[in-house]
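Here's the letter readout for the chains.
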Amino acid sequence: MAASRTVSGTATAGTWPSWGRLVWMSMRSQNRTFWRTPVATFFTLGLPLIMLVLFGSLFSWEIDVGLGLIPASQFYTPALAAFTAANAALANVGITLAFQRQFGLLKRIRGTPLPPSAYLAGTVVSSVWIALLGTLIMMVVGVIFFDVGIAAAKIPAAVVSFIVGSAAFAGLGLGLAALAPSGNTAPAVANAVILPMAFVSDIFVPAQDPPAWLRILGDVLPLKHFGRAFSAAFHPAVPAPAWRGTDLVILVAWGVGGALLAWRFFDWMPRVASGRRAKQEA
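Residues numbered from 1 in each chain as written. Predicted model: local features only at pLDDT ≥ 70, side-chain atom pairs only at ≥ 80, totals over all residues. Heavy atoms only, no water.

A.B. asks: I'd like to hear about the overall build of the chain, residue by residue, with values.
C.D. replies: Broken down by element type, the chain carries ten helices and four strands. Of the regular secondary structure in the chain, the N- to C-terminal order runs β-β-α-α-β-β-α-α-α-α-α-α-α-α. Of the contacts made within the chain by residues no fewer than 6 positions apart, 76% connect residues no fewer than 24 positions apart. In the structure as shown, the chain presents an accessible area of about 14200 Å², 69% of it carried by carbon and sulfur atoms. (Helix = DSSP H or I, 4+ residues; strand = E, 2+ residues; numbered from the N terminus. Contact = heavy atoms within 4.5 Å. Areas by Shrake-Rupley, 256 points an atom, 1.4 Å probe, with all protein chains shown as cover.)

A.B. asks: Account for the packing of aromatic side chains, naming residues and giving values.
C.D. replies: Where two aromatic rings form a pair, the distance of their centres and the angle of their planes describe that pair. Here the structure, examined in full by the defined rule, presents eleven aromatic pairs. The interplanar angle of 70° and the centroid separation of 5.8 Å between the aromatic rings of Phe-55 and Tyr-76 together place this pair among those described as edge-to-face. Residue Phe-55 is located in helix H2 (residues 38–58), and its partner Tyr-76 is located in helix H3 (residues 73–102); the two are separated by 21 residues in the primary sequence. Of the two residues, Phe-55 and Tyr-76, neither departs from the other in class, the shared state being buried. (Phe/Tyr/Trp six-rings, centres within 6.5 Å; stacked < 30°, edge-to-face > 60°. Buried < 20%, exposed > 50% of the residue type's maximum accessible area, 1.4 Å probe, protein only.)

A.B. asks: Provide a residue-level description of the packing of H3 against helix H6 (residues 155–179), including the pertinent values.
C.D. replies: In the contact formed by H3 and H6, the axes pass within 7 Å of each other and the chain directions differ by 25°. Relative to H6, the element H3 lies roughly parallel. The way H3 lies across H6 gives a crossing that is right-handed. Along its contact with H3, which presents Ala-85, Ala-86, Ala-89, Leu-90, Val-93, Gly-94, Leu-97, Ala-98 and Arg-101, the element H6 presents Phe-162, Ser-166, Phe-169, Ala-170, Leu-172, Gly-173, Leu-174, Leu-176, Ala-177 and Ala-178. Class assignment of the residues belonging to the contact of H3 with H6 gives a composition of 15 nonpolar, three polar and one charged. (Axes fitted to C-alpha atoms, helices over the stretch in contact; angles between N-to-C directions. Parallel < 35°, antiparallel > 145°, perpendicular 65-115°, else oblique. Left-handed = near helix turned anticlockwise from the far one by under 90°. Nonpolar A, V, L, I, M, F, W, Y, C, P; charged D, E, K, R; others polar.)

A.B. asks: Pulling in residues and values, what's your account of the nonpolar core?
C.D. replies: Counting 67 residues, the largest nonpolar core has Leu-80, Leu-97, Phe-169, Leu-223 and Phe-230 as its most contacted members. In terms of residues, this core owes the most to one element, H3, which gives 13 residues. Not counting chain neighbours up to four residues away, the residues in contact with Leu-223 comprise Ala-82, Phe-83, Ala-86, Phe-169, Ile-194, Met-197, Ala-198, Ser-201 and Ile-203. (Core = buried A, V, L, I, M, F, W, Y, C linked by side-chain atoms within 4.5 Å.)

A.B. asks: I'd love a proper account of the pattern of salt bridges, names of residues and values included.
C.D. replies: For the structure shown, the criterion picks out four salt bridges. With its nearest N and O atoms 2.8 Å apart, the salt bridge here joins Asp-247 to Arg-244. A relative accessible area of 4% means that Asp-247 is categorised as buried. According to the relative accessible area criterion, Arg-244 is partly exposed, its value standing at 32%. Salt bridges linked by common partners bring Arg-215, Asp-219, Lys-224 and Arg-228 together as one network. (Salt bridge = Lys/Arg side-chain N within 4 Å of Asp/Glu carboxyl O.)

A.B. asks: Account for the layout of surface pockets, with residues named and values stated.
C.D. replies: The volume enclosed by the largest pocket comes to roughly 700 Å³. Lining the largest pocket are 30 residues, and of these Ala-40, Thr-44, Ala-91, Asn-92 and Ile-95 lie nearest its centre. When residues of the lining of the largest pocket are traced back to their parent elements, those giving at least two are helix H1 (19–35), H2, H3, helix H5 (116–146) and helix H7 (186–200). Here the element with the most residues in the lining of the largest pocket is H3; it accounts for eight residues. Here the lining of the largest pocket is built from residues that sort into 18 nonpolar, twelve polar and no charged. (1 Å grid on protein atoms, 1.4 Å probe; cavity = no way out; pocket = protein on both sides within 12 Å on 5 of 7 lines; lining within 4 Å. Points joined across faces, edges and corners; volume = space filled by probe spheres on them.)

A.B. asks: Explain the confidence of the model for the chain residue by residue, including any values.
C.D. replies: Residue-level pLDDT values for the chain average 87, and 89% of them are 70 or greater. Confidence drops under a pLDDT of 50 for residues 1–14, and excluding neighbours within four residues, the segment shows 19 contacts in the predicted structure. Low confidence marks residues 278–282, where pLDDT is under 50. Its contacts with residues over four positions away, or in another chain, come to eight contacts. (pLDDT = per-residue confidence, 0-100.)

What follows is the structure, encoded as structure tokens:
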């Protein structure tokens, strides 16, 4: 009799789905969880859009960059889009996995035939997909309502910068999930990381003559490099193709560092308050 297995409600007879198919199924499951959580949807996609509308209404002046007067929205819209992508990738991966571990879901998944790598990859792909939606929404609103211009020759640089930046912050999200003591602490840690980082990374308002230590801190952290790489593709004074190789390399290094933290410390079992593995029977 041919063997049969079931993964996420999909049965196959005699064969096992490919790894890529399992990643796709995991990604769809994570997407459904995201859209069924209104609070997560609002803070990931709605809040940055509200910030863009407020910025567009309050900061409506024009800036001279040597090519004539350019609307200020041309500069802060890509920066806010990069922030949206970074926040979506970091928060969705880190908070989701931390809560799933706390409620025992990861323990149950670990006991199924589903490869752990496929489940984690599906989580990362889901976060990048949500980051893409957020970025597209921000840029479309910027183009339609705030006169943001896009040069076709720079689109490849924008796409590559988005992929590298989102993947890097998803890797950092894996590290966050590995280090967070519980799901309850993960949102606070994520916000404590991403929001101050945005202020020192010239995302909201570029700092004018900041202290040296603050400038160095911003240069070290990954969000400034994500914002620079992505925004360069929309800056009128930056010639095509607008590649920012150094920024992309730094983003890759941060993403790999987050993934290495996850590889070393990630735990599939629930933890007690002290962060140790909870002693629960399977």
